[in-house]
Structure formats: C-alpha cells, structure tokens
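Geometric and topological summary
Letter by letter, the chains look like this.
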Amino acid sequence: MSEQARRRPHKPYRRPQKDPVRMLAFEALRAVDERDAYANLVLPPLLRKAREKGDFDGRDAALATELVYGTLRRQGTYDAIISACIDRPLREVDPPVLDVLSLGAHQLLGTRIPTHAAVSASVELARVVLGDGRAKFVNAVLRKISQQDLDAWVAQVAPPYDDDAEDHLAVVHSHPRWVVSALWDSLGGGRAGIEDLLEADNERPEVTLVARPGRSTTEELAAATETLPGRWSPYALRMAEGGEPGAIEAVKEGRAGVQDEGSQLVAIALANAPLEGSDARWLDGCAGPGGKAALLGALAAERGAFLLASEKQQHRARLVERALAGNPGPYQVITADGTRPPWRPGSFDRILMDVPCSGLGALRRRPEARWRRRPEDLDGFAPLQRALLTEALSAVRVGGVVGYATCSPHLAETRVVVDDVLKKVGGAELIDARPLLPGVPALGDGPDVQLWPHLHGTDAMYLALLRRTA
C-alpha cells in the first residue's frame, strides 16, 4: 500500500436513515405478502398509529397510501420489468427484496417523484430493512429501471398484441392472464372494452357514502363534507377528495356508511321488485359484513317489514349487528349456515343472497386479490353458490323474489350458477332486473344485470332476480 493510500482518511460509515413513509409502505406490503392480509384492512391502523406518534401529516398519509396501492395494482407490470433487469428468475429473489424493488419501480415509473429521489430513498429503505449488501443489488436494479419510462419498458417486456392478445393485456394492465381471459369472456366485445375495464381496475376508486333512508339524508352528508352526487343511487354521495368518512357524525352513529354504489343498487333493486301479496318478511342470507343488510333494514323499516340478517361466521355476524344497531324497524341478526337454514320453507317475501365469490369485481379496492386468486378457486365456490341459491328459492314464498348477487363478473359465478339452479329446482323464473335500476345505462340484454367499473363507476356487481312460481 502506498504512503498516500495509508494517509487517505477512511470514509466514516453512515447509518441508514429511516423514512417513515416508505417504512410504513414496506410494512404494509410485507403484511399482504406474508399474512395474506388485505391492504384496505392493514393500512388504516398503520396510518392511524403513525399519526398518533406524530410521524405523519396528511400529505405523508396520501403518499404512503399511493405507494402501497399503486405498487399492488401494477405488481405484474413491475415484475416483468424487474425480471428484465436481473440475471436470475424472479422467484429466486427474496420477497422482502422484491417488495423494495417494486416500491422503487412504482416511484420511478408511476409517480412524479424525481428519479434521483426515488432511487436514493429506495436504497436507503433497503439499507434499513435488508442490509447494506442487498441494498447494492437494489441500487443496481433501480438504476437500470430508471433509464426508461413506463411506456418504453412496457413496449420492451410485453408481447405484441397480435401475437398473444391476452398475454399482452396481462403485462400492460397488470392482471393475471386467466383474469384477463375471464373478464373478456364476461364483457364480450373487442379490444377497446376490455382495455377500458382493465384500466378502470387500476384506478383509485372513489369513496362513496350511503345515507340510510329514515336515518340520514344526502343533504346531511353533503353539509358535513365536500361531496359530489351519486351517479345512480338516490342514497349515494361521492366524497370529492377522498377525506375521512369516519369523521362524519352520521357515519360514526351508523346512520350512514361507506358503500359502493353497485352494492346500493343491488339492495334497492331487490327492495323495489314488484310483489303480489304480503311484503312483511325479508331475509339477507349472507349478511356479513353488513353494508347491504343496513340498507335493506332501513328500506324494510320504511314499510314496517321485518329483516332477518343471517351470517355463517360469528365474527362477521357481529359486524352485521354493529351495522344494524339503531335500525328503526324490527330486525334480528343470527349466526346460521344458509345451506342448512333454521327457517322453514316459504318463510320470506324477499331474499337477498349475496354469495361468497372470487371478488374479481372489486379489484379496484383489493388489488392484491388478483394475484392471490387462482382459476381453481372457482371450483371451491361453485357448490356453495348453487346450494345457497337453491335454499333461497326454497325459503321464499310463491310469488316472492330472490336476489342472487355476486361481486364478480365471472360467468361461472353468475349466469352459469343461475341457469343451473333454475334447471334443477324448477318452479322459478327470472324477472327483468333492468327497470329496477332506473337511469343506469348499458345494462345489456337482461334479464339479469352486470355492472362494470368502466361503464358505471361501480364495482362489477352482478344481480339476477328470481320469482318463485310454484
């Protein structure tokens, strides 16, 4: 070693600095990956804790939320780009490293954060949570990613549309190929429609409020916070700038709630379906977590009807009790299995069966679900969906109406189930649901209804109305 080298001072080691926003985003992604948690359940308590500690202001919370949801929505696209920048299969990258890389990729390609800041902040996060050695790997990969914008990367990593349309759309719009295929089958039509739908799945959904009739009004909610009118539901308001719905007095008291307009429309359509004879006993047969039950309960109360809300899982039944607390009309919440019900046949005038499903209709709200679900999951739901609809048709009186609903547009969970049960059970007929959604466009040929994020601004809710005839 030369004398000059001996005299050169060593650069002191600098301890990594924790960035509260990126640490929180990383923690949320790890919970989603390790515990199969949902971001919409993990993130709020993390943000609340950070605010209580004084680490966050409103802008920090907004950035953390964008980093988490943006990364999850674009995970498939970012995986393809990261794969092009490393010399090993993506599956061989440790999941925590991949989470840091994905967060960095989103900052570089999906936000307006300057390139230098996005790379340096991500490398600093890697030093804190991964150590200096793996932080060097993160630095090298992110510097490669930073050399092109998102459009250039997508042009490089996505197969041409003409060679493989579904695989192209899967990479460009960050959906698993099987989900692209299923949505396209359900939607029908050409390229423009499916691209619009996939793009809508990657947009941040509005926060929509419901003013439960007889308990609150849209005027009261509009006076409490900045809102826009609902598009279709007379009880809906859209929060203009997101905001904190839990701070609204009517929401705190359960007189109003947060509920997608698609869910509101399903409950309203069932409540308004024409009946002959009695209209005294209503059933919500899969009531958890309680949003539709609370709206149905309020609508039933206006007519003096009784609502029975049944939920199989006890912890979800408690959520239903909380949602219905203070309802002015008669109601009861029970814990029961709708496939082996405790009620007698022909007991109800109106029944809602919002059955467990894949949740492919709510990918805007739960973006991680697209990566968690598998095609074979539908085989697990199918027997349950058919059994619940069959029992509902037994439980409704002749002349009464059953609403079969799913938060999925997948044909195997919607029309195929309804058609199979009608063939098997007999003594029931489909009635046209479209007139019960007045003013809502693009409802198709009927008699059932499929809502879409890109056409209606709602979750992709499905509704079929069936009348018992014998």
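The numbering scheme is per chain: residues are counted from 1 as the chain's sequence reads. Under the rules for a predicted model, residues below a pLDDT of 70 receive no local features and side-chain atom pairs below 80 are neither given nor counted, while totals for whole chains, interfaces and linings still include all residues. Hydrogens are left out, water is left out, and the side-chain values use all remaining heavy atoms of the structure.

Salt bridges are defined as contacts in which a side-chain nitrogen from Lys or Arg sits within 4 Å of a carboxyl oxygen from Asp or Glu. Going through the model one piece at a time under the given rule, you end up with 31 salt bridges. For Arg364, the salt bridge identified is with Asp459, shortest N-O distance 2.8 Å. Of this pair, Arg364 sits in the loop between strand 8 (348–354) and helix 18 (369–372) while Asp459 sits in the loop between helix 21 (453–456) and strand 12 (462–468), and the two are 95 residues apart along the sequence. Of the two residues, Arg364 and Asp459, both sit in the buried class. Where Arg373 meets Asp377, a salt bridge forms, and the shortest distance between an N and an O atom there is 3.9 Å. Working definition: with a 1.4 Å probe on protein chains only, accessible area under 20% of the residue-type maximum means buried, over 50% means exposed, and in between means partly exposed. Judged by its relative accessible area of 24%, Asp377 is partly exposed. Under the scheme used here, helices are H or I runs from DSSP no shorter than 4 residues and strands are E runs no shorter than 2 residues, and both carry numbers assigned from the N terminus.

Take the environment of Trp153 next. Of note, Trp153 is situated in helix 9 (residues 150–157). Overall, the relative accessible area of 5% leaves Trp153 in the buried class. When the C-alpha positions of Trp153 and Arg22 are compared, they lie 24 Å apart, and in sequence the two are 131 residues distant. Not counting residues within four places of it along the chain, the set of residues in contact with Trp153 comprises Ile81, Ala84, Cys85, Leu109, Lys144, Ile145 and Gln148. Pairs of residues are marked as contacts when any of their non-hydrogen atoms sit within 4.5 Å.

One open sheet holds the 4 strands; their spatial order is 2-3-1-4, and the pairing between them is antiparallel. Here the strands that pair on one side only, and so sit at the sheet edges, are strand 2 (227–229) and strand 4 (256–258). The sheet shows a mean angle of 30 degrees between the axes of neighbouring strands, direction not considered. By the bridge criterion, 3 bridges tie strand 2 to strand 3 (residues 236–239) in an arrangement that is antiparallel. Its bridge partner being in strand 3, Thr227 is matched across the sheet by Met239. Convention adopted: a line fitted to C-alpha atoms gives each axis, helices being fitted over their contacting stretch, and angles between N-to-C directions are expressed from 0 to 180 degrees. This element, helix 15 (residues 261–272), spans strand 1 (208–211) and strand 3 of the sheet and lies at about 30 degrees to strand 1. Whether two strands pair comes down to DSSP finding at least two bridges between them.

So, on to the nonpolar core. Taken as a class, soluble globular proteins show a tendency for nonpolar side chains to be buried jointly. Definition of nonpolar core: a set of buried residues of the types Ala, Val, Leu, Ile, Met, Phe, Trp, Tyr and Cys, connected through side-chain atoms within 4.5 Å. The biggest cluster of nonpolar side chains holds 50 residues, and the ones touching the most others in it are Leu24, Phe56, Val68, Val138 and Ile145. Contact partners of Ile145, with chain neighbours within four places excluded, come to Ile81, Ile82, Cys85, Ala105, Leu108, Leu109 and Trp153.

Centre distance within 6.5 Å is the pairing criterion for rings of Phe, Tyr and Trp, where only the six-membered ring of Trp is used; planes under 30 degrees apart are then read as stacked, over 60 as edge-to-face, and the remainder as tilted. Inspection of the entire model under this criterion finds 2 aromatic pairs. Ring geometry for Trp343 versus Phe348: centroids 5.9 Å apart, planes at 85 degrees, classification edge-to-face. Taken together, a centroid distance of 6.4 Å and an interplanar angle of 75 degrees make the contact between Tyr404 and Tyr462 edge-to-face. With Tyr404 in strand 9 (residues 396–406) and Tyr462 in strand 12, the pair connects residues that are 58 residues apart, well separated along the chain. A relative accessible area of 3% means that Tyr462 is categorised as buried. Comment: the charge-over-ring label is applied if NZ (Lys) or CZ (Arg) is within 6 Å of the ring centre and within 35 degrees of the ring normal. A cation over a ring is seen here: Arg366 above Tyr38, with NZ or CZ 4.1 Å from the ring centre. If you follow Arg372 out to its NZ or CZ, it ends over the ring of Tyr38, 4.8 Å from the centre.

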